[in-house]
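Chain residues, written in single-letter form:
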Amino acid sequence: MIGDGFVIDAVTHAYNLHPSNWRAGKYAESLAQLIFGLHSGLSGETHRVTQPERFMKNWSVDELAHILFVESDIDLAVHHVLPLQTLYTDGLCSYEKTVDIKKRYPDRFLVYAGVDPLRGTAALDDLDRQAEELKPTGLKLYPAAWLGDSFRHTGWRMDDPRIAFPLFERAQKLGIKNIAVHKGLPMGAVPLEAYKVDDIGGAADAFPDLNFEIVHGGMAFLDETGMQLSLFPNVYVNLEVTGALLVKRERWFAESLAALLKWAGPAKIMWGSGTVFSHPQPALHKFWHDFQLPEELTQVCGMQVTPEVKRMILCDNYARYAGVDVEAVKKRIAHDEFAKKKAKGNIQPYSFQESRP
């Protein structure tokens, strides 16, 4: 809890960034270095891992949960299976970790399945399997894949009837309503085309009963993203990485948020930390306690970020989007292991210690 508000983190990752997990040579290393670079550049002194070897590792489920629920004010989080097997042996956030999270922490985590649409019928079969075991709240997609050790960054579009639509049809049949797609943040030095948002509207129009979640919304293509939010009732935006800008790039964050608010107001914006990319607490604390839009930006979007707006972004919007019964979750987690650890106080960042037999 932060103040009297419940906090939902709409995207988290237990990355495996260790070199032993790199499959596509320098391209896997490049993305791992990009993630560490974002961590280093956007994290404050007190919440930054300074040694690359301490960050470029296989992060455990227990570490992720401790960071989120003991070291920060997050109450409920979403963990994504990442389907990047052409770059990383386990996909970067493995299916097995997500199964473990689902089994061990069902009151603290929701989970998203993850498949590579370029695998065709194999992707459909994979989604069937994940839906059966995970009972996922959503589906996470990436708009491109690396094919082989030689660089072939192959993209696909969300409005492609041949590649994308069969996957959306299968998700709908399986009862998966929320489709999240990585946009706005190129995965290394790669062509930008796949990371644009101009393909979202065609998918949203063709599948009005599905929700489409633009992940990293506000990092780039601001007006295009805002326009999608305003035109389609089933398009939302997730502030993963964008929210972390608040710690050391507050003006950038403010301009991004004001642009999104300008187009569609606050009801479609959802908080996402991307932990373990960065520690979630500094940005969350600053957003709730200190952040206000500069006066000139309120003139752009016609509003200020009031406590009511902040509650919408931190909790209410995602709860409505995913059908979360917040009061029921509050009761289930009020005295769980994380609440008890947090109540002891004086918790330092990255302080998790593996228990030893």
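Please read all numbers here as calculations on a predicted model, not as lab measurements. (Residues numbered from 1 in each chain as written. Predicted model: local features only at pLDDT ≥ 70, side-chain atom pairs only at ≥ 80, totals over all residues. Heavy atoms only, no water.)

A.B. asks: Looking at this structure, how should I read the environment of F277?
C.D. replies: Within the secondary structure layout, F277 lies in the loop between strand 10 (269–270) and helix 11 (281–289). On the basis of relative accessible area, F277 is assigned to the buried category, the value being 3%. Taking C-alpha positions, F277 is 9.8 Å from L42, a pair spaced 235 residues apart along the chain. The contact partners of F277, leaving out residues within four places of it in the chain, are Y15, I35, L38, H39, L42, F55, V241 and A244. (Helix = DSSP H or I, 4+ residues; strand = E, 2+ residues; numbered from the N terminus. Buried < 20%, exposed > 50% of the residue type's maximum accessible area, 1.4 Å probe, protein only. Contact = heavy atoms within 4.5 Å.)

A.B. asks: Would you take a moment to explain the nonpolar core for this structure?
C.D. replies: Across soluble globular proteins, nonpolar side chains show a tendency to be buried alongside one another. By size, the foremost hydrophobic cluster in this structure holds 110 residues, and its most contacted members are Y15, L141, M158, F168, F212 and F287. At eight residues, the largest contribution of residues to this core is made by helix 1 (residues 26–42). Excluding residues that lie within four positions of it along the chain, F212 makes contacts with M158, F168, I179, I200, A203, A204, F207, N234, V235, Y236 and Y321. Core analysis: the second largest hydrophobic core is formed by 19 residues, I8, A180, Y236 and C315 among them. (Core = buried A, V, L, I, M, F, W, Y, C linked by side-chain atoms within 4.5 Å.)

A.B. asks: Just to check I follow, could you spell out the packing of aromatic side chains for this structure?
C.D. replies: For any two aromatic rings, the description comes down to two numbers: the centre-to-centre distance and the angle of the planes. By the definition in use, this model includes 17 aromatic pairs. Ring plane angle 55° and centroid distance 5.4 Å describe the contact between F69 and F338, whose orientation is recorded as tilted. Pair noted here: F69 is in helix 3 (residues 61–69) and F338 is in helix 15 (residues 337–343), with a separation of 269 residues, a long-range link. Its relative accessible area of 1% is what places F69 among the buried residues. Aromatic side chains F168 and F207 sit 5.5 Å apart centroid to centroid with 85° between the ring planes, which places their arrangement in the edge-to-face category. Here the residue F168 occupies a position in helix 6 (residues 165–173), and F207 occupies one in the loop between helix 7 (200–206) and strand 8 (211–215), the gap between them amounting to 39 residues. Since its relative accessible area comes to 0%, F168 is described here as buried. Over the ring of F69 we find R108; its NZ or CZ atom is 4.9 Å from the centre of that ring. Stacked on the ring of Y236, the Lys or Arg K268 has its end atom at 5.7 Å from the ring centre. (Phe/Tyr/Trp six-rings, centres within 6.5 Å; stacked < 30°, edge-to-face > 60°. Lys NZ or Arg CZ within 6 Å of the ring centre and 35° of its normal.)

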